[in-house]
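A look at the structure
Listed below, chain by chain, are the residues.
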Amino acid sequence: DKDAVHDDDHLYSLPYATGKRYSVLQGYGSRFRHTGLEEFAIDFDMPVGTAVHAARAGVVARVEESHTRGCWEDGCGKFANYIVVLHNDGTTGEYYHLRRDGALVEPGERIERGQKIGLSGNTGHTTMPHLHFAVYRATEWGRTQSLAIRFETSEGVVDRIRSGRRYRAR
């Protein structure tokens, strides 16, 4: 929805199990790969098969889980497995690089915050196993813009996820 208005007061869960802690490979404003429309996307360092949990409630809009390939060359993005969740404010939560058959939910299914929805992997445009997570709103020409969101962690509210840090899920 190009008219989606994100609820900036909403607090998200980290996209993994309560009590777990993972390093951030790329946080907000990373200069490596997450620039422009991807400025607020986050890559969490996770071994293949790590449980992925919903950061916010919503309805599963899209699922792809048929791929086995991860690579770095141009065009590798088409091999990514993912889950897209539509939130009630019209934004989407997107979980990428899942393993083959790594979706534990189906399109149309209503999910709750904290629910186990998938298993991390190493598919698509990637050099190592990780979970790419971001919240997006639609823009023109079918593109999306990542949004800055706030997370509720064991250490308190985090307004800006930073590369190299580890955050424990609450």
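As a starting point, this report considers the structure included with it. For every chain, the first residue of the written sequence is number 1, and numbering continues from 1 onward in sequence order. For this predicted model, a pLDDT threshold of at least 70 governs which residues receive local features, and a threshold of 80 or more governs which side-chain atom pairs are given and counted, while totals over whole chains, interfaces and linings are taken from all residues. The side-chain numbers reported here are obtained from all heavy atoms of the structure, hydrogens and water having been left aside.

**Remarks on the sheet that holds strand S15 (residues 150–153)**
Whether parallel or antiparallel, the strands of a sheet pair through hydrogen bonds between backbone atoms. Rules: In this description, strands pair whenever DSSP reports at least two bridges between them. Strands here mean DSSP runs of E at least two residues long; helices mean DSSP runs of H or I at least four residues long; both are numbered from the N terminus. Fitted lines through C-alpha atoms give the axes, limited to the stretch in contact for helices. The angle between two N-to-C directions lies from 0 to 180 degrees.
Across the sheet, which stays open at both edges, the three strands sit in the order S1-S15-S16 with mixed pairing between neighbours. In the strand order of this sheet, the two ends are held by strand S1 (11–13) and strand S16 (156–158), each with one partner. Going across the sheet, the axis of each strand differs from the next one's by a mean of 40°, ignoring polarity. Two strands pair when backbone bridges link them, and S15 and S16 are joined in this way by three bridges, in the antiparallel orientation. Residue Phe151 lies in a different strand from S16, and its bridge partner there is Val158.

**Quick notes on unusual backbone geometry**
Non-glycine residue Asp101 carries a positive phi angle of around 55°. When you line up the elements, Asp101 lands in strand S9 (residues 98–103). Here Trp141, not a glycine, exhibits a phi torsion of approximately 60°, which is positive. Note on placement: Trp141 falls in the loop between strand S13 (131–138) and strand S14 (144–146).

**Regarding the side chain of Thr153**
Keep this limit in mind: When a residue's accessible area, from a 1.4 Å probe over protein chains only, is under 20% of the maximum for its type it is buried; when over 50% it is exposed; and in between it is partly exposed. Residues adjacent in sequence count toward polar contacts only when both atoms are side-chain atoms; beyond that, a polar contact is any pair of N or O atoms within 3.5 Å, and within protein one must be able to donate a hydrogen and the other to accept it. Working rule for contacts: check all heavy atoms of both residues, and any pair within 4.5 Å makes them a contact.
When you line up the elements, Thr153 lands in strand S15. Look at Thr153 and you get buried, because its relative accessible area is 2%. Of the polar contacts made by the side chain of Thr153, one reaches the backbone nitrogen of Glu155; its length is 3.1 Å. At a separation of 2.6 Å, a polar atom in the side chain of Thr153 contacts the main-chain carbonyl oxygen of Gly156. When residues no more than four places from it in sequence are discounted, the contact partners of Thr153 are Leu14, Val158, Tyr167, Arg168 and Arg170.

**Side note on the pattern of salt bridges**
The test is simple: What makes a salt bridge here is a side-chain nitrogen of Lys or Arg within 4 Å of a carboxyl oxygen of Asp or Glu, nothing more.
Tallying each qualifying case throughout the model produces six salt bridges. Among the ionic pairs, Arg56 bridges to Asp89, the shortest N-O distance being 3.2 Å. Of the two residues, Arg56 is situated in the loop between strand S4 (51–53) and strand S5 (58–64) and Asp89 in the loop between strand S7 (82–86) and strand S8 (92–96); the sequence distance between them amounts to 33 residues. Side by side, Arg56 and Asp89 carry an identical accessibility label, which is buried. Here Arg113 and Glu152 are joined by a salt bridge, their closest N and O atoms 2.6 Å apart. Residue Arg113 is located in the loop between strand S10 (110–111) and strand S11 (116–120), and its partner Glu152 is located in strand S15; the two are separated by 39 residues in the primary sequence.

**Comments concerning the sheet that holds S4**
With antiparallel pairing, three strands are arranged side by side in an open sheet as S4-S11-S9. Edge strands, defined here as strands with exactly one partner in the open sheet, are S4 and S9. Neighbour-to-neighbour, the strand axes of this sheet turn through a mean angle of 35°, independent of strand direction. The pairing of S9 with S11 spans two bridges and is classified as antiparallel.

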